[in-house]
Structures are given as structure tokens and as C-alpha cells.
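Per-entry structural report
Here is how the chains run, residue by residue.
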Amino acid sequence: MPYATVNHTRLHYEDAGAGPALLFLHGWGTSGRVWQSCLPDLVRDHRVVTLDWRGCGRSDHPAEGNTIAGIVADVAAVIETLGIHPTVVGSSIGGIFATELALARPELVEHVVAVDSPGYWPSTGMLDKVHDLRERLVDDRAGTFEDWVPNWVAGAAPGLVAWTIRQLLDSGVHIDELFTECTTYDPRPRLGDLKVPITYLHGELDAEIPLEVPRTCAAETPGARVHVLAGCGHLPHQENPRAFTAALREIA
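Description of the structure in this document. (Residues numbered from 1 in each chain as written. Predicted model: local features only at pLDDT ≥ 70, side-chain atom pairs only at ≥ 80, totals over all residues. Heavy atoms only, no water.)

Let's talk about a negative patch on the surface
On the surface, Glu135, Asp139, Asp140 and Glu146 cluster together to form a negatively charged patch. Tracing the sequence through the fold places Glu135 in helix H4 (residues 124-139). Given the relative accessible area of 52%, Glu135 is considered exposed. (Patch = residues over 30% accessible without salt bridge, like charges linked within 9 Å, V, L, I, M, F, W, Y side chains within 5 Å. Areas by Shrake-Rupley, 256 points an atom, 1.4 Å probe, with all protein chains shown as cover. Salt bridge = Lys/Arg side-chain N within 4 Å of Asp/Glu carboxyl O. Lys, Arg positive; Asp, Glu negative; His and termini not counted. Charge placed at Lys NZ, Arg CZ, Asp CG, Glu CD. Helix = DSSP H or I, 4+ residues; strand = E, 2+ residues; numbered from the N terminus. Buried < 20%, exposed > 50% of the residue type's maximum accessible area, 1.4 Å probe, protein only.)

Concerning the nonpolar core
In this structure, Trp28, Trp53, Phe97, Leu101 and Leu178 are the most contacted members of the largest nonpolar core, which totals 62 residues. Among the elements that take part in this core, helix H2 (residues 68-82) stands out by supplying nine residues, more than any other. Once you skip the residues sitting within four places of it in the chain, Trp53 turns out to touch Leu11, His26, Gly27, Trp28, Gly29, Ser59, Ile71, Ile93, Phe97, Ile175 and Leu178. Val89, Leu201, Ala247 and Leu248 belong to the second largest nonpolar core, which has 18 residues in total. (Core = buried A, V, L, I, M, F, W, Y, C linked by side-chain atoms within 4.5 Å. Contact = heavy atoms within 4.5 Å.)

Here we look at the side chain of His237
Inspection of the secondary structure assignment puts His237 in helix H9 (residues 236-239). Residue His237 is classed as buried on the basis of its relative accessible area, which comes to 1%. Once residues lying within four places of it in the same chain are set aside, the contact partners of His237 are Val34, Trp35, Cys38, Ser91, Val115 and Phe244.

Let's talk about the pairing of strand E3 (residues 21-25)
Most of E3 is tucked away, with five of its five residues classed as buried. Burial along E3 is two-sided: the face carrying Ala21, Leu23 and Leu25 and the face carrying Leu22 and Phe24 are both buried. Inspection of the sheet shows E3 paired to strand E4 (residues 47-51) by five bridges, in the parallel sense. Of the residues in E4, the one forming a bridge with Leu22 is Val48. (Pairing = 2+ DSSP bridges.)

Structural notes on the packing of aromatic side chains
Within the structure shown, the criterion is met by eight aromatic pairs. Ring plane angle 40 degrees and centroid distance 6.0 Å describe the contact between Trp35 and Phe244, whose orientation is recorded as tilted. Of this pair, Trp35 sits in the loop between E3 and helix H1 (39-42) while Phe244 sits in helix H10 (residues 241-251), placing them 209 residues apart in sequence. Each member of the pair, Trp35 as well as Phe244, carries the same accessibility label: buried. Judged by centre distance (5.0 Å) and plane angle (85 degrees), the rings of Trp148 and Trp152 are edge-to-face. The residues Trp148 and Trp152 share a single accessibility class, namely buried. These aromatic residues form a ring-pair network of at least three members: Trp28, Phe145, Trp148, Trp152 and Phe179. (Phe/Tyr/Trp six-rings, centres within 6.5 Å; stacked < 30°, edge-to-face > 60°.)

What about the pairing of E4?
Along E4, four of the five residues are buried, which leaves the element largely enclosed by surrounding structure. Of the pairings in the sheet, the one linking strand E2 (residues 9-16) to E4 comprises four bridges and is antiparallel in character. When the sheet's bridge partners are listed, Tyr13 is paired in E4 with Leu51.

A word on H10
Of the residues making up H10, those classed as buried are Pro241, Phe244, Thr245, Ala247, Leu248 and Ile251. Looking straight down H10, one finds that the buried residues subtend no more than 165 degrees of arc, so they occupy a single side. Seen from the open side of H10, the exposed residues pointing more than 90 degrees away from its buried face are Arg242 and Glu250. (Arc of directions from axis to C-beta.)

Digging into the sheet that holds strand E7 (residues 198-203)
The strands that make up a sheet pair up through hydrogen bonds in the backbone, lying either parallel or antiparallel. Read across the sheet, eight strands follow the order E1-E2-E4-E3-E5-E6-E7-E8 without closing on themselves; strand pairing throughout is mixed. Looking at strand neighbours, the two that pair on one side only are strand E1 (3-6) and strand E8 (225-229), the edges of this open sheet. Taking the axes of each pair of neighbouring strands and ignoring which way they run, one obtains an average angle of 25 degrees across the sheet. Here five bridges tie E7 to E8, and the two strands are oriented parallel to one another. Bridge pairing in E8 places His202 opposite Val228. Packed onto the sheet, helix H3 (residues 93-104) meets E3, strand E5 (87-91), strand E6 (111-115) and E7 and runs at close to 145 degrees relative to E5. (Axes fitted to C-alpha atoms, helices over the stretch in contact; angles between N-to-C directions.)

Below, the structure is given as C-alpha cells:
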């Protein structure tokens, strides 16, 4: 298994294929495995890197560095280590990392694809929900995931829900600090400064981050596009990998 040690942390990644580079960043608490159904098609003509960011999957689960800035620094170091200039595809909070990387280090990024992301909170009700979830994670981690994760998908998908919960339970508890940080995150004031092309690829039926969010962000970002995947929720790359991969090919 390949690992890169950056910022005193060992990060697991997988690297396959040849051609234009794609770097995939998973959502909160899961792992690079979430992209696996998309990979066989993409590796035919792309170099595809999937990364388990710190605290998740097969990477180290350190108590320190679990911040947006810390993980963006890790991703930048991995890109430099691998010598790639990728389109960075980030799901949910992974889309925040991709966006922040493009703002901080535009020379490293070819294109950003924010998948059901970013996650600023357009209403008081949503912000209250995030604060409540943060507290419940301390009191009943497994039960909180069992209540919450079914909302991530559109329609019945018990196998996907169960597998996602297993990944979340395997992740490090220190990444909960990201949850707290994200309650105050809002990229909109800085999106006008983005020098890297960005596409917001979003599930039509996302109950976690509604379409209002990417559409508002795109309006603030020069040249940005919104691509909606019909019938999908918060995890379109897992709910409909064929449609997701086709859309990604059109974008990248």
C-alpha cells in the first residue's frame, strides 16, 4: 500500500492509470474507497489518485492538525510529492478542501470539482442541526450515524448506508473538530478571487446541502458552472457512479 508522510502524518493513497491527473478527496469520516465504482472507467485514460485524508481510512488518526488549513496543507504536500497538476474532485467537506487549496495554492490545481459542496449554512435551521449533530456525536456516536446517514442518499439504499456508517465508525474522533470549524465556514466573500476553474457537481435531491448553496457560490465565482445530477442525493458518485463518471468526463 502506498503511503506519503507529510506534516508528520502518514497518509494512505492509491495511484493508478496514466494521463491527465485526477485527485479525489472523500467526505467527512469516510475514505478514498468511496470512489471505487468510478475508477475502472477513469483509469483507462487518466492518472487517478484517491487519498485518505488525515483521521480517515487507512491514514494516521492524529489528535492534531484536524483543521481545514491543516488538511489543505497535507493535500498540497501530497500533490508536490507525487509531482502532479490535478483536477481536484472533492465530496462534501472534501470540496471545501479542494476550494481552499485552489484559493491558497492555485499553481497546484488544474480544475476544482466540488461535489455536493461547499457547506456554508444558508438558514438558521440548518446551522442548529449542525450544532445538534456535533453534540450528539459525543453522547451516542453510533446512534447518531444511524439516524443521520440515511438522509445522505435519495431513496432506499440500505447497503450503501450501512457501509458508510462502518467507515464513519472507523474514522478518528479527532476529525470532529472539523465539524465545529465548518459551522462558521463561508467561502462566498473570497470566491471572486478564485483563479482556478471550478464546477459545482451536485445531486438534485441533496438533503444535506441544498442546490441553493452551489448555485449561490457559482454566482459569486467568475466562470463557475453548476452541473446537477438528477435523482441523486449527497453521494452521487456512489448513488449513480455511471452518471457521475460521465459528468466528470464532460467537466474534466
